[in-house]
Amino acid sequence: MSGLSGPPTRRGPFPLALLLLFLLGPSLVLAISFHLPINSRKCLREEIHKDLLVTGAYEISDQSGGAGGLRSHLKITDSAGHILYSKEDATKGKFAFTTEDYDMFEVCFESKGTGRIPDQLVILDMKHGVEAKNYEEIAKVEKLKPLEVELRRLEDLSESIVNDFAYMEKREEEMRDTNESTNTRVLYFSIFSMFCLIGLATWQVFYLRRFFKAKKLIE
């Protein structure tokens, strides 16, 4: 028996567009903007992998017109408090550093001044890993064609994705080992608690037996 057949289904461009979005998505970075009130401090935190290039550009809009001695400071530190970048009287600039270990990094903006001054507008654009590489400069140095540059970028992106999966797998193994270790400790503690309860119950039986014998309530 033959089944019903219809016209062939045409596949639209959606799967291809979805694949391109998945590959190119990590390279699309949107700048973060927020308002910084006077005499306040705002920080942004991000976890970044080991041996990654981190670049960033910032711009602080001063709407005070120079009144109140308004000054803004930028400082980037790791979880140990090591200063990776610091700028006094920051208004506009760029920074770059390479991570030495997987860590939580903190970018802090601080505003100091006197009087009633409008909030400052801070714009921050951070990139790391493949996003931070300047492929135009690489193309000039290595004399690569546009297609070769795109292939290089996709190769780096693929390597970055593989490294991310490897790190996630490593974290999963560490969590599994921690879980197994915790279960083993709980088991040993349960066995120890059971023996303690058995010993306490046995001691209570012998103690009560001696007590009742001393009171001549039992023979």
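Quick notes on the rules
Residues numbered from 1 in each chain as written. Predicted model: local features only at pLDDT ≥ 70, side-chain atom pairs only at ≥ 80, totals over all residues. Heavy atoms only, no water. UniProt positions renumbered as here; feature names shortened; annotations may be inferred. Helix = DSSP H or I, 4+ residues; strand = E, 2+ residues; numbered from the N terminus. Polar contact = N/O pair within 3.5 Å; in protein donor to acceptor, adjacent residues only side chain to side chain. Patch = residues over 30% accessible without salt bridge, like charges linked within 9 Å, V, L, I, M, F, W, Y side chains within 5 Å. Areas by Shrake-Rupley, 256 points an atom, 1.4 Å probe, with all protein chains shown as cover. Salt bridge = Lys/Arg side-chain N within 4 Å of Asp/Glu carboxyl O. Lys, Arg positive; Asp, Glu negative; His and termini not counted. Charge placed at Lys NZ, Arg CZ, Asp CG, Glu CD. Pairing = 2+ DSSP bridges. Axes fitted to C-alpha atoms, helices over the stretch in contact; angles between N-to-C directions. Buried < 20%, exposed > 50% of the residue type's maximum accessible area, 1.4 Å probe, protein only. Disulfide = S-S within 2.5 Å.

- UniProt lists the protein chain under the name Transmembrane emp24 domain-containing protein 10, with Pongo abelii as the source organism.
- One UniProt comment on the protein chain, placed under Sequence similarities, says "Belongs to the EMP24/GP25L family."

**Thoughts on the side chain of S72**
Next up, step 1: Of note, S72 is situated in strand β4 (residues 71-77).
Next up, step 2: There is a polar contact of 2.8 Å between the side chain of S72 and the side chain of Q120.

**Thoughts on a negative patch on the surface**
Next up, step 1: Taken together, the side chains of E169, E172, E173, D177 and E180 make up a negatively charged region of the molecular surface.
Next up, step 2: When you line up the elements, E172 lands in helix α3 (residues 146-214).

**Some points on the sheet that holds strand β8 (residues 120-128)**
Next up, step 1: Strand order across the open sheet formed by four strands is β1-β8-β3-β6, with antiparallel pairing between neighbours. On the outer flanks of this sheet lie β1 (32-36) and β6 (92-98), each paired with one strand and no other. Across this sheet, the average inter-strand angle for adjacent strands is 20 degrees, counted without regard to direction.

**So, the side chain of H73**
Next up, step 1: Inspection of the secondary structure assignment puts H73 in strand β4.
Next up, step 2: For H73, a relative accessible area of 12% gives the class buried.
Next up, step 3: For H73, the side chain forms a polar contact with the main-chain nitrogen of D89, separated by 3.4 Å.

**Notes on the state of the cysteines**
Next up, step 1: Here the structure, examined in full by the defined rule, presents one disulfide.
Next up, step 2: Two residues, C43 and C108, share a disulfide whose sulfurs are 2.0 Å apart. Taking the sign of the S-S torsion, about 110 degrees here, the bridge from C43 to C108 comes out right-handed. On the criterion of sequence distance, the pair formed by C43 in strand β2 (residues 40-48) and C108 in strand β7 (residues 103-112) is long-range, its members being 65 residues apart.
Next up, step 3: For C43, a relative accessible area of 25% corresponds to the partly exposed category.

**So, unusual backbone geometry**
Glycine aside, residues mostly have negative phi, and peptide bonds are mostly found in the trans state.
Next up, step 1: Look at N39: it is not a glycine, yet its phi comes out positive at around 55 degrees.
Next up, step 2: Tracing the sequence through the fold places N39 in the loop between β1 and β2.
Next up, step 3: Assessed through its relative accessible area of 53%, N39 is described here as exposed.
Next up, step 4: Even without being glycine, D89 reaches a positive phi, approximately 50 degrees.
Next up, step 5: By the element assignment, D89 lies in the loop between β5 (83-87) and β6.

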